[in-house]
Amino acid sequence: MEQTFVMLKPGVLQRRIAGEVLGRFERKGLKIIALKLLRLDRKLVEAHYAEHRGRDFYEKLVEYTLSGPVIAMVLEGEDAVAVVRKLTGPTSLLEAPAGTIRGDYAAKTRLNIVHASDSPAGAEREIALFFCPDEFCPWEDGNAPWF
Ligand code: CMP
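I will try to describe carefully the structure that is included in this document. (Residues numbered from 1 in each chain as written. Predicted model: local features only at pLDDT ≥ 70, side-chain atom pairs only at ≥ 80, totals over all residues. Heavy atoms only, no water.)

So, about unusual backbone geometry. Where the residue is not glycine, phi is negative for most of them; where a peptide bond is considered, it is trans in most cases. Positive phi, close to 60 degrees, is recorded for arginine 16, a residue that is not glycine. Mapped onto the elements of the fold, arginine 16 is located in the loop between helix H1 (10-14) and helix H2 (18-28). Looking at arginine 16, the relative accessible area reads 69%, which means it is exposed. A positive phi angle is found at aspartate 79, which is not glycine, with a value near 50 degrees. Tracing the backbone shows aspartate 79 in the loop between strand S3 (70-77) and helix H5 (80-88). Classification of aspartate 79 as partly exposed rests on a relative accessible area of 49%. (Helix = DSSP H or I, 4+ residues; strand = E, 2+ residues; numbered from the N terminus. Buried < 20%, exposed > 50% of the residue type's maximum accessible area, 1.4 Å probe, protein only.)

Right, here's the structure in full:
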């Protein structure tokens, strides 16, 4: 099974929609195997968004990510990276269709409310940035193979 990294950005808690957004991943059948609420420091945000350093939106993106607590998680499932990206929708505000998380909840590209890894290699890097091995809690579906 594949794992991916998802971060619900500060706007999620500020808008009281953590349950709704998390629910979309759960309804799809993705398995939460690590989850935490945390306030990031600048060093971690800059490491996480290193590829965007120098872009015109970079400083504001860092500022927004530091503006309140985030919810970081590792989700597991078949083709989890691609499946989660389908649920989040594309980054661009104009391209994110209704029905996707970004399409439904973001009015500005920079203020979109969710980050999801864009490749298995990216997921591995981001998971290692945010989680230690002892923060994982793997579990089995037992005899209920719904997903
Ligand atoms: P995220 O998936 O967290 O990854 C990088 C973030 O940079 C992205 O979501 C947006 O919040 C932001 N971003 C990417 N492209 C743009 C853009 N063209 N304009 C403003 N913000 C952007």
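Read on for the rest.
Here we take up the environment of histidine 48. With respect to the helices and strands, histidine 48 occurs in helix H3 (residues 42-48). In this structure, histidine 48 is in contact with Phe5, Met7, His115, Arg125, Glu126, Leu129 and Phe130, ignoring residues within four places of it in sequence. (Contact = heavy atoms within 4.5 Å.)

Pairing is antiparallel across the open sheet formed by four strands, whose spatial order is S2-S3-S1-S4. Of all strands in the sheet, those bounded by a partner on one side alone are strand S2 (31-38) and strand S4 (114-116). Adjacent strand axes in the sheet meet at a mean angle of 15 degrees, parallel and antiparallel pairs treated alike. Contacts from H5 reach strand S1 (2-8), S3 and S4, with the element oriented near 30 degrees to S1. Along the sheet, helix H7 (residues 120-130) contacts S1, S2, S3 and S4; its crossing angle with S1, the most-contacted strand, is approximately 60 degrees. (Pairing = 2+ DSSP bridges. Axes fitted to C-alpha atoms, helices over the stretch in contact; angles between N-to-C directions.)

Note that all results are geometric; they support no functional claim without further evidence.
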